Amino acid sequence: MIFFFNSMRTIDEQGYHFDEWLTPKEIAKDVQQVAKQISADYADKEPLFVVVLNGAFVFAADLLRALENVRCEVTFIRVSSYWGMSSTGQLEFIVPLQQVVDNRDVVIVEDIVDTGLTIHQLKAHLRGLGATSVRVASMLFKPNKLEYEDAKPDYVGHEITDEFVIGYGLDFDGFVRNLDAIYKVKE
Ligand code: 5GP
């Protein structure tokens, strides 16, 4: 359920309170900034975007449509390493890669990089399959939580400290991915 207090939106979900942190307008600005950088870097390439389901589908839809003069392909992969509010430390390939990545410049599109385990393992997977280059675009990045240096995203919408966030593709046990803003859990 969404409540409005002094124009700031709040959410109650499964007994936790969340405050709006990034508005749709702020998100759009971040997406434009990331799209601009990628457009400049990949103008003369034909990258393959690998969108990490489920969380990155909203960011990917906005980001890919904001690119300028980038001829590209898009494919999807589904992995799981998180339940509730904490990481399990295990990466499971639920929907494996359907596309040949051999000799391709790959850009992984992720919703959030936390410990970096997901990206660390995905990068190794894609390099093992023969990708020429593998970069990462993530809507959010928690630098304080990063445990794998090679998982630091190349393109970041917004940095965040350690808080748990929901909305704009990010879920809470499968729900609230469809929120148009990003909400931070209230301590
Ligand atoms: P990592 O492998 O970097 O530790 O975790 C990455 C994945 O964990 C993300 O793709 C996302 O699904 C999940 N995750 C990490 N932090 C958060 C968070 O604050 N909120 C939500 N909803 N998911 C998160």
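Provided above is the structure to which this section pertains.
Just so it is clear, the structure is predicted and the values come from calculations on it, not from any experiment. (Residues numbered from 1 in each chain as written. Predicted model: local features only at pLDDT ≥ 70, side-chain atom pairs only at ≥ 80, totals over all residues. Heavy atoms only, no water.)

**Student:** What is the right way to read the overall build of the protein chain from this model?
**Tutor:** For the protein chain, the count of helices and strands is three helices and 11 strands. Each helix and strand of the protein chain, ordered N terminal to C terminal, gives the series β-β-β-α-β-α-β-β-β-α-β-β-β-β. If one aligns the C-alpha atoms of the protein chain with their principal axes, the spans along those axes are about 50 × 35 × 25 Å. Taking all 187 residues of the protein chain together, 49% fall into the buried category. In the protein chain, of all internal contacts separated by at least 6 residues, the share reaching a separation of at least 24 is 66%. For the protein chain, the computed accessible surface area is about 9,600 Å², with 50% contributed by carbon and sulfur atoms. On the protein chain, the mean spot of the 18 positive side-chain charges and the mean spot of the 29 negative ones are 4 Å from each other. (Helix = DSSP H or I, 4+ residues; strand = E, 2+ residues; numbered from the N terminus. Buried < 20%, exposed > 50% of the residue type's maximum accessible area, 1.4 Å probe, protein only. Contact = heavy atoms within 4.5 Å. Areas by Shrake-Rupley, 256 points an atom, 1.4 Å probe, with all protein chains shown as cover. Lys, Arg positive; Asp, Glu negative; His and termini not counted. Charge placed at Lys NZ, Arg CZ, Asp CG, Glu CD.)

**Student:** I tried to follow the environment of Tyr 148 on my own but got confused; where do I start?
**Tutor:** Among the structural elements, Tyr 148 can be located in the loop between strand 8 (133-141) and strand 9 (155-159). Relative accessible area serves as the criterion here: at 25%, Tyr 148 is assigned to the partly exposed category. Each residue touching Tyr 148, except ones within four places of it in the same chain, is listed here: Thr 115, Gly 116, Leu 117 and His 120.

**Student:** Explain the packing of aromatic side chains here, please?
**Tutor:** The relation between two aromatic rings is expressed through the spacing of the ring centres and the mutual angle of the planes. Taken as a whole and judged by the stated rule, the model has four aromatic pairs. Aromatic side chains Phe 18 and Phe 172 sit 6.0 Å apart centroid to centroid with 70° between the ring planes, which places their arrangement in the edge-to-face category. One end of the pair, Phe 18, is in strand 3 (residues 16-22); the other, Phe 172, is in the loop between strand 10 (165-166) and strand 11 (182-185), and 154 residues separate them in sequence. (Phe/Tyr/Trp six-rings, centres within 6.5 Å; stacked < 30°, edge-to-face > 60°.)

**Student:** Teacher, can you tell me more about the site of the ligand here?
**Tutor:** The environment of the ligand is formed by 17 residues, the closest being Asp 111, Thr 115, Thr 118, Val 165 and Asp 171. Contact between the ligand and Asp 114: an oxygen atom at 2.8 Å from a main-chain N or O atom of the residue. Contact distances for the ligand include 2.5 Å between an oxygen atom and a side-chain N or O atom of Thr 115. At the level of elements, strand 5 (73-83), strand 7 (105-113) and helix 3 (117-128) are the ones that each hand at least two residues to the shell around the ligand. (Near = heavy atom within 4 Å. Polar contact = N/O pair within 3.5 Å; in protein donor to acceptor, adjacent residues only side chain to side chain.)

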